[in-house]
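Secondary and tertiary structure notes
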Amino acid sequence: QVQLVESGGGLVQPGGSLRLSCAASASGSIFSIVATGWYRQAPGKQRELVAIITSGGTTNYADSVKGRFTISRDNAKNTVYLLMNSLKPEDTAVYYCYQQRVVEGRLIDYWGQGTQVTVSS
């Protein structure tokens, strides 16, 4: 079983910064991880990919956050971070941590419970 616990959300003014954390607790080796990332969902909108990092360290970002957000990981702590700079009101959303693992030969997706990020003056 895999549990993803997000933290670090909150209220910030436009132009400000936040760092989200996603701590994974699971049985099994970290080598079963395919990728870990962040999605977000704003009211009335579909959930969208924000940033993702593969087991090999390759990163990918949504065009809307390139140059402002940075995804990183600490394998020793089983934690992935999302540093968000120059935040805009349109970044307001619930941010979900996502992880894909190989479990008994199958790809399984796991989700955190979400953390609210509100960008407002």
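Residues numbered from 1 in each chain as written. Predicted model: local features only at pLDDT ≥ 70, side-chain atom pairs only at ≥ 80, totals over all residues. Heavy atoms only, no water.

**Here we look at the state of the cysteines**
Summed over the entire model, instances satisfying the criterion amount to one disulfide. Between the sulfur atoms of Cys-22 and its disulfide mate Cys-97 the distance is 2.0 Å. Linking Cys-22 and Cys-97, the disulfide has an S-S dihedral of approximately -80° and is accordingly described as left-handed. Here the residue Cys-22 occupies a position in strand E3 (residues 18-26), and Cys-97 occupies one in strand E9 (residues 93-103), the gap between them amounting to 75 residues. Of the two residues, Cys-22 and Cys-97, both sit in the buried class. (Disulfide = S-S within 2.5 Å. Helix = DSSP H or I, 4+ residues; strand = E, 2+ residues; numbered from the N terminus. Buried < 20%, exposed > 50% of the residue type's maximum accessible area, 1.4 Å probe, protein only.)

**A short note on the packing of aromatic side chains**
Any two aromatic rings considered together are summarised by their centre-to-centre distance and by the angle between their planes. On inspection of all chains with the given rule, the structure shows three aromatic pairs. Their ring planes at 70° and their centres at 5.0 Å tell us that Tyr-39 and Trp-111 sit as a pair that is edge-to-face. Of this pair, Tyr-39 sits in strand E4 (residues 33-41) while Trp-111 sits in strand E10 (residues 106-111), and the two are 72 residues apart along the sequence. When its relative accessible area of 38% is taken as the criterion, Trp-111 is described as partly exposed. (Phe/Tyr/Trp six-rings, centres within 6.5 Å; stacked < 30°, edge-to-face > 60°.)

**Notes on the sheet that holds strand E7 (residues 69-74)**
The strand order across the open sheet formed by four strands is E1-E3-E8-E7, and the pairing between neighbours is antiparallel. Where the open sheet ends on each side, the last strands, each with one partner, are strand E1 (2-7) and E7. Put simply, the sheet's adjacent strands are angled 15° from each other on average, direction ignored. With six bridges joining them, E3 and strand E8 (residues 79-84) adopt antiparallel strand pairing. Residue pairing across strands places Ala-23 opposite Thr-79, the latter belonging to E8. (Pairing = 2+ DSSP bridges. Axes fitted to C-alpha atoms, helices over the stretch in contact; angles between N-to-C directions.)

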